[in-house]
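Summary of structural features
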Amino acid sequence: MSLCGSFLSDEQFLCSICLDVFTNPSSTPCGHSFCMACISRYWDGSKVYQCPLCKKTFQKRPDLQINRTLREITDQFRSMTAEGNEKRGGRGGGGGGGGREGGIADDLIDELKKKLPRPPLQLSPTMPCETQGVSILTTPVTTSLASSVPNDSPIAALTNPSGPFPPPMPPYSKGRRRFTMSGAATSSTARQLPVCEIHHRGLVIYCRTDRVCICPECETGDHHDHDTVTLEAEWMETKDQLSVSEQEVQEMIRRRIRKIEEIKLSATELELVVERETAGSVCLFSDLVSAIERSQAELMEVMEMSRRAAMHQADAMIRQLELEVEELRRRESALVELAQSDDYMHCIKTFPILSSPPPAKDWSGVSVNCELGTGTIYRSLAAVVERFQEELLKIADTGFPASVLAPSPVRYQPRMRRVEEYAVDVTLDGNTAHPRLILSEDLKSVRCGDRHQALPDNPERFDRVVCATGREAISSGRHYWEVEVGGKTDWDLGVARQSINRKGKIEVTPSNGYWFLSLRDRKKYAFRSEPSTDVHLNLRPQKIGIFVDFEKGQVSFYNVDAKLHIYTFNDTFSECIFPFFSPCTNKSGKNDAPLVITPVNWTE
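A few points on the structure. Just so we're clear, the structure is a prediction, and the values are computed from it rather than from any experiment. (Residues numbered from 1 in each chain as written. Predicted model: local features only at pLDDT ≥ 70, side-chain atom pairs only at ≥ 80, totals over all residues. Heavy atoms only, no water.)

Next up on the list: the overall build of the chain. Across its full length, the chain carries 9 helices and 22 strands. Of all 604 residues assigned to the chain, the portion counted as buried reaches 37%. In the structure as shown, the chain presents an accessible area of about 36100 Å², 54% of it carried by carbon and sulfur atoms. (Helix = DSSP H or I, 4+ residues; strand = E, 2+ residues; numbered from the N terminus. Buried < 20%, exposed > 50% of the residue type's maximum accessible area, 1.4 Å probe, protein only. Areas by Shrake-Rupley, 256 points an atom, 1.4 Å probe, with all protein chains shown as cover.)

Compared with an ideal rise of 1.5 Å per residue, which puts 12 residues at 16 Å, helix H8 (residues 344-355) spans 16 Å between its outermost C-alpha atoms and is within 8% of the ideal. Taken residue by residue, H8 has Cys347, Thr350 and Leu354 as its buried positions. For H8, the buried positions fall inside an angular range of 85 degrees around the axis, keeping them on one side. Opposite the buried face of H8, by more than 90 degrees, sit the exposed residues Met345, Ile348, Lys349 and Ile353. Those residues of H8 hidden inside the fold are in contact with helix H7 (231-340). (Expected span 1.5 Å × (residues − 1). Arc of directions from axis to C-beta. Contact = heavy atoms within 4.5 Å.)

This part takes up the sheet that holds strand S16 (residues 524-527). One open sheet accounts for 6 strands, arranged S12-S21-S14-S15-S16-S17; its pairing is antiparallel. At either end of the open sheet lies a strand with only one pairing partner, and these are strand S12 (468-469) and strand S17 (533-535). Bridge analysis of strand S15 (residues 514-520) against S16 gives 4 bridges, and the strand direction is antiparallel. Looking at S16, one finds that Leu519 is bridged to Tyr525. (Pairing = 2+ DSSP bridges.)

Our focus in this paragraph is a nonpolar patch on the surface. Together, Trp235, Met236 and Leu242 line one region of the surface with nonpolar side chains, adding up to about 310 Å² of accessible area. Structurally, Trp235 can be placed in helix H7. (Patch = residues over 30% accessible without salt bridge, like charges linked within 9 Å, V, L, I, M, F, W, Y side chains within 5 Å. Salt bridge = Lys/Arg side-chain N within 4 Å of Asp/Glu carboxyl O.)

Moving on, we come to the nonpolar core. Ranked by size, the top nonpolar core spans 34 residues in total, and within it Trp481, Trp491, Ile544, Val548, Val555, Phe557 and Phe581 carry the most contacts. Apart from residues no more than four positions distant in its own chain, Val548 is found in contact with Ile474, Gly477, Arg478, His479, Trp481, Val495, Gln554, Val555, Phe573 and Ile577. In this structure, Cys35, Ile39, Trp43 and Leu64 belong to the second largest nonpolar core, which totals 15 residues. (Core = buried A, V, L, I, M, F, W, Y, C linked by side-chain atoms within 4.5 Å.)

Attention shifts here to the pairing of S16. In sequence, S15 turns back onto S16 through a hairpin of 3 residues, with Asp521 there showing a positive phi of about 55 degrees. Bridge count between S16 and S17: 3 bridges; the pairing is antiparallel. Bridged to Tyr525 within S17 is Val535.

Moving on: the pairing of strand S21 (residues 577-582). Burial of S21 is extensive: 6 of the 6 residues sit out of reach of the surface. Direction of pairing for S12 relative to S21: antiparallel, over a ladder of 2 bridges. Following the sheet pairing, Thr469 is matched in S21 by Phe580. As paired elements, strand S14 (residues 491-497) and S21 share 6 bridges and run antiparallel to each other. What sits directly across from Val495, in S21, is Pro579.

With that settled, consider helix H1 (residues 36-43). Buried residues of H1: Cys38, Ile39, Tyr42 and Trp43, and no others. For H1, the angular spread of the buried residues around the axis is 125 degrees, confining them to a single face. Just downstream of H1 lies Gly45, where phi reads positive at about 80 degrees.

This paragraph deals with the environment of Ala396. With respect to the element layout, Ala396 can be found in helix H9 (residues 375-398). The exposure class assigned to Ala396 is exposed, which follows from its relative accessible area of 61%.

Below, the discussion takes up the pattern of salt bridges. This structure, assessed with the given rule, holds 20 salt bridges. For the salt bridge of Lys259 with Glu262, the shortest nitrogen-to-oxygen distance reads 3.3 Å. Residue Lys259 and its partner Glu262 are located together in helix H7, separated by 3 residues, close to a single helical turn. Residue classification places Lys259 among the partly exposed residues on the basis of a relative accessible area of 42%. Note on Glu262: relative accessible area 44%, which makes it partly exposed. Measuring nitrogen to oxygen at the nearest pair gives 2.8 Å for the salt bridge that ties Lys503 to Asp457.

Attention now moves to the side chain of His434. As for its placement among the helices and strands, His434 is situated in the loop between H9 and strand S10 (437-439). Overall, His434 belongs to the buried group, its relative accessible area being 3%. Of the polar contacts made by the side chain of His434, one reaches the backbone oxygen of Asp463; its length is 3.4 Å. Those residues in contact with His434 that sit more than four places away from it in its chain are His452, Phe462, Asp463, Arg464, Val465, Val466 and Cys467. (Polar contact = N/O pair within 3.5 Å; in protein donor to acceptor, adjacent residues only side chain to side chain.)

With that out of the way, let us pick up the packing of aromatic side chains. According to the stated counting rule, one finds 16 aromatic pairs in the structure shown. Arranged with centres 5.5 Å apart and planes meeting at 40 degrees, the rings of Phe550 and Phe573 form a pair that is tilted. In this pair, Phe550 sits in the loop between strand S18 (543-549) and strand S19 (554-559) while Phe573 sits in the loop between strand S20 (564-570) and S21, placing the two residues 23 residues apart along the sequence. Note on accessibility: Phe550 and Phe573 belong to one class, buried. Note on Phe557 and Phe569: the rings are 6.4 Å apart at their centroids and 75 degrees apart in plane angle, and the pair reads as edge-to-face. (Phe/Tyr/Trp six-rings, centres within 6.5 Å; stacked < 30°, edge-to-face > 60°.)

Here it is as C-alpha cells:
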C-alpha cells in the first residue's frame with residue numbers, strides 16, 4: 001500500500017527490522033529509529049551492540065527511550081491511512097475533502113506543521129543511498145522527512161521555505177535494505193555483507209581463539225568462552241601491525257639486495273683469483289717441467305758418455321786378452337810337440353822355459369765399469385722436486401702471492417687451525433677385537449693372524465669381520481689421529497657408531513653407523529657410502545690421517561705425507577662414535593703388515 005505516491009511513501013514509516021509501521025519507535029545514538037521491541041530483541045544475548053543500519057558499535061548497550069514525536073506522527077499516519085482507505089473505498093478511488101487527490105489530507109499537513117521542528121536543513125549530496133528512506137523521521141525529524149519529500153509538495157514547503165530541495169533520490173520501492181534479526185540484507189547497490197550459513201546472521205564478530213568470523217549467535221553458542229572482538233576492532237588492531245610488517249619486509253628486501261651485491265663482488269673477486277691461480281700454476285709447473293726436461297737431457301748425455309767409455313774399456317780389455325790367449329795357445333802347441341819329441345836332451349832344456357807362466361795381467365779383479373754417473377743428476381732433481389713440493393704445500397695453505405698478478409681486492413680469511421692441532425691419543429680396545437686379530441702390548445698396532453685365539457665372546461666383540469674399535473669414545477669436539485698403512489694390500493679405517501651390529505655379517509654403510517675409507521688389492525680405494533664411492537689417488541698414501549668434527553657431523557681423511565685432503569663424510573651423529581680399524585685378512589702373508597697408530601708430528 002502507498003499513501004500519496006507523489007509525496008510520502010508508507011515505507012518511510014516502517015521499521016527496517018520487522019518491516020511494519022513503527023510501534024513505540026526509539027532512536028539509537030547514531031540517529032536511526034526502530035521499534036523498541038525489535039531493537040531490544042536484536043541486541044539480546046549479544047556482547048557487541050551495533051546499529052543494524054550503519055553498523056556503528058557502542059561500547060555498552062544504549063539506554064533507549066521512546067521517540068514520542070515520531071510515535072505521534074506514526075500513529076496519525078496509521079489512522080489517516082486507515083481513513084483514506086475507507087474514503088477511497090466508498091468513493092471509488094476519487095479524491096475529495098480537504099486534501100488533494102493522491103495526497104496528504106490538509107488536517108495532516110496542519111498537524112505536521114505543529115509537530116515537526118524547523119531547524120536549518122543541511123543535505124549532503126553524497127549521502128549514501130542506503131540511508132535515505134530508512135532513517136526517515138529520526139531526530140531531527142525535519143531533516144529526515146524533507147530528504148524524501150518531492151520539491152513541489154506541501155511538506156517541502158513546510159520544511160524548507162527558503163527554496164526547493166535538490167532532486168530527491170529514487171524511492172526505495174524495491175532496492176530498500178531490510179534488516180532482520182539475522183542482520184542486513186543489502187540492496188543491489190550496497191556492499192554485500194557475509195552471512196552465517198547456520199544462523200543466517202551477519203558475520204560481524206571475529207573469534208581470536210579459532211581465527212574465524214562469526215555471527216552473534218555463534219558467539220553465544222560455540223564461542224561463548226573464546227576471545228572475541230568486533231571485526232572493526234580486529235581490523236584496527238591488525239592495521240597497527242601493518243607498518244611493522246611493512247618495515248620488516250623492507251628490511252628483508254634490503255638484506256637481500258646487499259647479499260646480491262656481495263655475491264656479485266665475490267664473483268668478480270673469484271675471476272681475479274682464477275686469473276692469479278692460473279698464472280701462478282702455469283709458472284710453477286712450467287719451472288718443474290723445465291727442470292725435469294733439463295735433468296732428463298743431462299741423464300741421457302751422461303748415460304751415453306758412460307756407455308761409450310765402458311764400451312771402449314771393454315774393447316781394450318778384450319784385445320789384450322785375445323793377445324794373451326794367442327800367446328798361451330802357441331805355448332800349448334810347443335808343449336804338445338815337446339811331448340812327442342824323442343830328443344831327450346832338447347826336451348829337458350826346453351821344458352822349463354815352456355812350463356813357466358808367461359808374463360800376463362791378473363784379470364781376477366778386472367771388470368767393465370757399469371757406474372753411469374747419474375746419481376748426481378738424480379740428487380739434483382730430487383732437490384728440485386723437494387723445493388717444488390714445499391712450494392706446493394705453501395701455496396695450498398696460503399695461495400699464490402699477489403705479486404703473481406696485479407694486486408687483487410680479494411680479502412683472505414685468517415688461516416684456520418690445522419687438523420694436527422686436534423691430535424688425540426688413540427688406543428685399541430682388545431674387548432672388541434676379532435679373535436684372529438693380534439694386538440701389540442701398547443695397543444697401538446693390530447694385524448691379522450692365521451687362526452682364532454681363545455677369547456671370551458663379549459657382546460662388544462666382532463665375531464665375523466676382522467676389525468676392532470678404539471677405546472676412546474667421541475661425543476663432542478674435534479679429534480685427529482694418524483695410522484700407518486704402508487706395506488698393506490687391504491685395510492679399512494674410519495669411525496663407527498657405538499650401537500653398531502658386531503655379530504654376523506655387517507652392512508658397512510653410514511646408515512648402519514660406519515664411516516670409513518677402504519683399500520683393496522693395493523690400488524682400489526673406496527668410501528663405504530651408499531652406494532660405494534671409488535676414489536682415484538695418484539699418490540699412494542703411506543699414512544692416513546682421520547679428523548672428526550662431532551658437532552658438524554664430519555669425518556675427513558688425509559694423505560699425511562703428501563698433506564692432501566682425500567674425502568669428507570657429512571652426516572649427523574646422534575650418539576657416541578669410536579675409531580674403527582680393520583687390517584683385513586692376511587691373505588697368506590701378502591697382507592701380514594700391521595696397522596700402526598703413530599704419534600702426530602705437527603709443525604707450523
